Amino acid sequence: MILVWLIGLLMGGGLLAFLVGQWNKTLPRWISLYTLIIGIIALISFWIEHYEAINIGSMEPWLIDFQQDWIPSFGISFHLAIDGLSLLLLILTFFLGILAILCSWKEITEHHGFYHFNLLWILAGISGVFMAMDLFLFYFFWEIMLIPMYFLIGIWGSKNREYAAYKFFIFTQASGLLMFISILALYFTHAQSTGRYTFDYFALLGTVMAPQTAFWLMMGFMIAFAVKLPLVPFHTWLPDAHSEAPTAGSLILAGLLLKTGAYGILRFVLPLFPEVAKTFAPWAMLLGVIGIIYGAILAFSQTDLKRLIAYTSVSHMGFVILGIFAFNELALQGVVMQLLTHAISTGALFIMAGMLKERLHTRQLDEMGGLWFQMPKMGAIAVLFAMAALGLPGLGNFVAEFLILLGAFKSSVWLTVPATIGLIFSAIYSLRMIQKVFLGPIPETAPISDFSWREVFIMAVLTISIIWLGLYPQPIINTARPMINQIEHLFPTEFKNQTIK
Amino acid sequence: MKTAISMEMILLLAGLLFVLGIAGVIIRKNIIFMLLSIEVMLNASGLAFIAAGSHWGQPDGQVMFVFILAMAAAEVSVGLALILQIYHQHKSLDIDNLKEMKG
Amino acid sequence: MEHLLWLIPAFPLAGFLVLALTGKSMPPVWVAIIGAGTVSLSAIFTIIIGITFLSLPPASAHYVQTLWTWMEISDFHPEISLYLDALSLVFAFVITFIAALIHLYSVAFMAFDKDYSRFFACMNLFVCSMLLLVLADNLLLLYLGWEGVGLCSYLLIGFWYEHPENGYAAQKAFIITRIGDTAMAIGIFVIFYQFGTLLIPDILAKAPSLWQPEASMATITALLLLAGALGKSAQLPFQTWLPDAMAGPSPVSALIHAATMVTAGVYLIARMHVIFELSPTVQLIIAAIGAATLFIAGFSALTQYDLKRVLAYSTISQIGYMFLALGLGAWTAAIFHFMIHAFFKALLFLAAGAVIEALHHEHNMFKMGGLRTKLPVVFLTFVIGSASLIALPLISSGFYSKDQILWFAWASKNGNPLLWLIAISGAFITALYTTRMVMLTFWGEVKTEVDRLPGKLITIPLIILAFFSICVGFIELPHNFGSLTLFSDFLHQVLPETLLKSTASGEVFFQLLGALATFSGIYTAYILWYKQPEHLEKLKRNEMLLRLYSFWHSGWGFDQLYQTLIVRPIVFIATINKNDVLDKIYQGITLISVALYRSLSFTQSGSLRWYIMGLVVGAIIILGIQIML
């Protein structure tokens, strides 16, 4: 029941914020903040409650399950369930949600109610995506998170917002339709072989189909998730959307929306089409590697701070694909870690880009420089997160990337080596960013204020989490383990025990 | 009573009238003339109905003609009213001056 | 004592945390006390633990302290675990001891800097990372320290960030070492899948049974690890970052870019020596790289104007000697030279820093001179350090370490005459450029006035280091006189003995040759730069020599080579692709749809008569089709 309550809480909170926003400007953000705090407390207590069981190493991945008929005549049910992966991503959703509210505390100056309505409904959609175990319901939530995001970019974005919003919408909508076709096709294929019409995930898991059919169905899912992730060459919506969105929008885009793509692959593509996924794996890994290097090179050449950070996401998400299709425990654990740490590190960088924009009214790197003098705190934190982005050991991203590369090395040596070279490129763009923004001659402008207390709080939380994940990631690893073991069981064959010669 | 005029001739006449009507609608710029041309087209089709009705010895053709008459009357009254309004608003009856819906 | 091991890196870490969180609002005195105090405490603990280790050697010849399991995924479970044996004890001692002295020096040296606390925070973090590097018991933790020191090096080279060139120097240092680190990371992957563990003692124990000598896997692994070591230790072909790294404050150059971090490569190779021994090819490569580097860097040092750049090139050159020794299988000689080098090079950098500070940030040696009488303490200590660098026979400790390497270059199993020849000519060049440096700086006429005399806090560390630069050498004396082998005996717990050729003999003769090279170097420099400068003028008129001079001055053109071969093409590609060529596909799709919609909306002209025309034509076509069929 807690799952339904969570979604209800978010949607209700959003509506309340919208209504209150009609006559009060400050109340909506307090309402959203409290909504999310209640949510995260519920989730964390749920985690702690179940952590004992997780720690013992039970093989049953599902922690909680809720099912209710919705449209029974079509076999659609309101089926929510979570396992370790979903739980981690849900906590991440609420965590970043709180930060998103906090970082838009001063940035948003108009339509307060509607803004928080959109924010909470995006989070509701994302939470739904992470919980839904009915494919129709999944698609429903998939679309729910899309529309408020469109408004968020289109209304509160910066100069070129409409273009970015359209681009975002069309990319995700078109790819979402492909997925919907695949869902329907899967529904009918399943019915043909069993005579039972159902959208239920667990029922559809073992659907028998011809390899050719399976390939096309998988591509439908895969493209939808690849666009969200984003995988090169479907990544071009991302820099526009990221750079034009308000800070909270970028944070949620980078921190959560991209993760739904990876989640989708882990949850649907691999279990539903294991055979095809196996044959597709080398290509997917190749695309991942291309993404790592291509994204990094593009990030290096950007002159717009937010675009630069956006391209680093492309690069980091390449690691995710590489890890997923390596199909072994090390790499998959790395993927889960990467989902969390990338959300934190890139989120932090976006928040700082937003803070800089608030102060300097520009995103252009050429108009910055020497800011360390006036903002030593922000400089130090920026260095920390730039280091996280380039995978400095001791910070969470290193654990993630190292595990992914270590796991991928087992599957394919020749793809892992160029991926590792991506680490050099990540150093190049991260250092360039620091150099351009914080180092260099001290500007002779009006004084710029360093972090305020609210900002110190946001950054302290993020810093502590990234260091925690870097030095003691075991709780995350343990929580994700049952789910990852299950995926690993799907691919027991040639990839395992293959030592390099 | 036997007529000397064959069915084909009447239909040809009706077709001619119809084409004349269409040509009028296309060529004329004045809305009133276009309305007149539409009357011609309607009557051409009415003529074809009558001819066909008498050929088959059935009343349906005449029934249809009555319909057409009624419709033409309605159309003219509405059409004229529209034309009056258009003239009031635009001080012109030139159809080419009235283009407003452009893609 | 085992359970106190964690305190060694923990003190500097605590210092870093306190300074990073509250340093800005703290009075400078407190910053100095915390910054220098934590490192001194760490040094004291290292010495206490070291004494216990020496007096009551543990049965297993090492201490281990496991703090916690970093992560645990099926059979991959690296731990945060510290491991102290003879080798890491030597390194930990050198690091903490020299770091404590340098911190003390910095208290005065950096006193007028606006970012006093940032400096100490970074230095403390550096000491912590460096200690983790040498105390790590598995490769992943070693890698943490390895990258951590890289970060601190970056932060400290770019410490005076107002000048963009400092920032770029820092960036260059980080990125070039990162290239090596990446190769090393791949090496770690290979090791994990070969051995199923990253625990260093296990790897070393398993390697000989897993691999035959000259096995291709051993060669690949050794090469990958070597690349990491070359990057960090600024050896060919990665040496270009170190001279630029002199943009940092002098204590940083002394601590990071002379005494400790740049020798991390030496540590890595010595630590993983079993793997390297299994691949004689790679050993030969190491020796060759070491020899080539010491030679190239020596000539570059000879042509620099900037006092600190001379020292930087000499550091590269001296580490070349260490690599040569490692390649020869003279493990203990390499570590011995590392220790001696750490003392005298830290001393030289600190003294150079004092000179530069006294002359109001003047780096150019040609604008110095006559400082012998103005800065007597600095002069004396600098000369002592230089004597050690030159390897002045008998009285300097540099002699005892370098002599060993020269001897092994000839006599060890892997040695050959060519390596020996390069090494001994390197010794000549070292004497040449060092004497030149001393002559230009301290002799001659006064060109820049001294405006600030160094205080006690600056001179005391110099004197202590000078003492060590002379005396440490006496713990290891050559066979033919004294034959004291305290140091190598101690290290032989961990590192194997150096194998000599059966025919090797006549050590005295080679020592005399070494001394001859040194003295002739000193004499030549004395003639050219002090006694009879007209010879130098004559040489300067030679077109060929001048060209060679500028070639050496620019570091043998490596920077330009990398610039044209690697940097420019990548930057060029990145710049032309700034707007992402793949986005053009989607923009193309948009453009096509826009064109289609334009052409369709053209038919919506608003002209009623055209519509009717269309209607009629359509009707005719349909009727026509009807009739035709």
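Residues numbered from 1 in each chain as written. Chains lettered and ligands numbered in written order. Predicted model: local features only at pLDDT ≥ 70, side-chain atom pairs only at ≥ 80, totals over all residues.

Some remarks on the overall build of chain C
For chain C, the helix and strand inventory stands at 27 helices and two strands. With the principal axes as the frame, chain C shows a C-alpha extent of 120 × 60 × 60 Å. Buried residues in chain C amount to 55% of all 629 residues. Taking all contacts inside chain C whose residues are at least 6 apart in sequence as the whole, residues at least 24 apart take part in 80%. (Helix = DSSP H or I, 4+ residues; strand = E, 2+ residues; numbered from the N terminus. Buried ≥ 20, exposed ≤ 12 C-beta atoms within 10 Å, placed from the backbone. Contact = placed C-beta atoms within 7 Å.)

Looking at the overall build of chain A
A count of helices and strands for chain A gives 19 helices and two strands. Relative to the 2.2 N^0.38 estimate, which gives 23 Å for 501 residues, the radius of gyration of chain A is 22 Å and therefore close to what a compact globule would have. If one aligns the C-alpha atoms of chain A with their principal axes, the spans along those axes are about 75 × 65 × 45 Å. The 501 residues of chain A split such that 61% are buried. Within chain A, contacts between residues separated by at least 24 positions form 80% of all contacts whose residues are at least 6 apart in sequence. (Rg over C-alpha atoms; globule rule 2.2 N^0.38 Å.)

Some points on the domain arrangement of chain C
Each assigned domain of chain C is listed here: domain 1 (1-207), domain 2 (279-558) and domain 3 (572-628). Just the C-alpha atoms count here: the centres of domain 1 of chain C and domain 3 of chain C sit 67 Å apart. (Domains from an automatic or database assignment.)

Section: helix H5 (residues 139-157) of chain C
What sets the pattern is the α-helix's 3.6 residues per turn: residues three or four places apart point alike. For H5 of chain C, built from 19 residues, the straight-helix expectation of 27 Å at 1.5 Å per residue is met to within 8% by its first-to-last C-alpha distance of 26 Å. For H5 of chain C, the buried fraction is high: 19 of the 19 residues fall into the buried class. (Expected span 1.5 Å × (residues − 1).)

Considerations on the pairing of strand E1 (residues 62-71) of chain A
Residue and element names in this part refer to chain A. The pairing of E1 with strand E2 (residues 76-83) spans eight bridges and is classified as antiparallel. By the bridge assignment, Phe 66 is partnered in E2 with Leu 80. Count of turn residues in the E1/E2 antiparallel hairpin: four residues, of which Gly 75 carries a positive phi of about 75°. (Pairing = 2+ DSSP bridges.)

Section: the interface of chain B and chain C
Listed by partner, the interface residues are ten residues for chain B and eleven residues for chain C. Residue classes in the side of chain B that touches chain C are distributed as five nonpolar, one polar and four charged. (Nonpolar A, V, L, I, M, F, W, Y, C, P; charged D, E, K, R; others polar.)

Some details on the interface of chain C and chain A
Contact with chain C, which involves 39 residues of that partner, is made by 43 residues of chain A. Here the side of chain C that touches chain A takes 13 residues from helix H6 (residues 164-195) of chain C, the largest share from any one element. When its residues are assigned to classes, the side of chain C that touches chain A shows 22 nonpolar, nine polar and eight charged.

Quick notes on the packing of helix H13 (residues 280-302) of chain C against helix H19 (residues 417-442) of chain C
Residues and elements named next belong to chain C. Relative to each other, H13 and H19 sit at 25°, their axes nearing to 9 Å. With respect to H19, the axis of H13 lies roughly parallel. In this structure, H13 meets H19 at a crossing whose hand is left-handed. In this structure, H13 contributes Ala 287, Ala 291, Leu 294, Phe 295, Gly 298, Phe 299, Ala 301 and Leu 302 to the contact, and H19 contributes Leu 419, Ile 422, Ala 423, Gly 426, Ile 429, Thr 430, Leu 432, Tyr 433 and Arg 436. Along the lines of polarity and charge, the residues of the contact of H13 with H19 split into 13 nonpolar, three polar and one charged. (Axes fitted to C-alpha atoms, helices over the stretch in contact; angles between N-to-C directions. Parallel < 35°, antiparallel > 145°, perpendicular 65-115°, else oblique. Left-handed = near helix turned anticlockwise from the far one by under 90°.)

Regarding the environment of Asp 134 of chain A
All names here are of chain A. If you trace the backbone, Asp 134 turns up in the loop between helix H4 (112-131) and helix H5 (135-144). By the C-beta count within 10 Å, which is 24 here, Asp 134 ends up buried. Put simply, Asp 134 and Ser 32 are 102 residues apart on the chain and 28 Å apart in space, counted from C-alpha to C-alpha.

Considering the nonpolar core
Formed by 429 residues in total, the largest nonpolar core has its most connected members in Leu 324 and Ala 346 of chain C. Element by element, the count of residues in this core is highest for helix H15 (residues 331-358) of chain C, at 21 residues. Three or more residues apiece are contributed to this core by two domains, here domain 1 (1-207) and domain 2 (279-558) of chain C. In this structure Ala 346 of chain C touches Ile 98, Ile 102, Ala 254, Leu 255, Ala 258, Ala 259 and Leu 465 of chain C, once residues within four positions along its chain are discounted. Counting residues in hydrophobic clusters, the runner-up holds six residues, among them Ala 14, Ala 44, Ala 48 and Ala 51 of chain B. (Core = buried A, V, L, I, M, F, W, Y, C linked by C-beta atoms within 7 Å.)

Notes on the environment of His 55 of chain B
All names here are of chain B. By secondary structure assignment, the location of His 55 is in helix H2 (residues 31-56). Overall, the presence of 13 C-beta atoms within 10 Å leaves His 55 in the partly exposed class. Spatially, the C-alpha atom of His 55 lies 7.3 Å from that of Met 7, the residues being 48 residues apart in sequence.

A word on the confidence of the model for chain C
Regions with low pLDDT should not have their predicted coordinates read in detail. Taken residue by residue, chain C gives an average pLDDT of 87. The fraction at 70 or more is 100%. Two summary scores accompany this predicted model of the complex, namely pTM at 0.89 and ipTM at 0.91. (pLDDT = per-residue confidence, 0-100.)

Remarks on the packing of helix H17 (residues 376-390) of chain C against H19 of chain C
All names here are of chain C. Axis separation between H17 and H19 bottoms out at 9 Å; the angle between their running directions is 170°. With respect to H19, the axis of H17 lies roughly antiparallel. Touching Phe 379, Phe 382, Val 383, Ser 386, Leu 389 and Ile 390 of H17 are Thr 430, Ala 431, Thr 434, Val 438 and Phe 442, all from H19. For the contact of H17 with H19, the per-class residue count stands at eight nonpolar, three polar and no charged.

Digging into the confidence of the model for chain A
Taken over all residues, the pLDDT of chain A has a mean of 88, while the share at 70 or more is 97%. Note on residues 495-501 of chain A: pLDDT is under 50 here. Beyond four places in sequence and across chains, it has eight contacts.

What to know about unusual backbone geometry
That bond from Val 232 of chain A to Pro 233 of chain A is cis: its omega, 10°, falls within 30 degrees of zero. For Pro 233 of chain A, the position within the fold is in the loop between helix H9 (211-228) and helix H10 (237-244). Along the chain, Leu 236 of chain C connects to Pro 237 of chain C via a cis peptide bond; the corresponding omega equals 0°. Within the secondary structure layout, Pro 237 of chain C lies in the loop between helix H8 (216-232) and helix H9 (241-244). Of note, Phe 327 of chain A is a non-glycine position whose phi angle comes to about 55°, a positive value. Counting through the fold element by element, Phe 327 of chain A comes out in the loop between helix H13 (305-324) and helix H14 (329-360). Given 26 C-beta atoms within 10 Å, Phe 327 of chain A falls into the buried group. Of note, Ala 391 of chain C is a non-glycine position whose phi angle comes to about 70°, a positive value. Along the chain, Ala 391 of chain C falls in the loop between H17 and helix H18 (397-411). Overall, the presence of 30 C-beta atoms within 10 Å leaves Ala 391 of chain C in the buried class.

Structural notes on the arrangement of the chains
Counting contacts across all two pairs of chains that touch, the top pair turns out to be chains A and C. What separates chain A from chain B at the closest point of their C-alpha atoms is a distance of 22 Å, and the two make no contact.

Some points on the environment of Gly 385 of chain C
When you line up the elements, Gly 385 of chain C lands in helix H17. The residues contacting Gly 385 of chain C, other than those within four sequence positions of it, are Phe 344, Leu 347, Leu 348, Ala 351, Ala 466 and Ser 469 of chain C.

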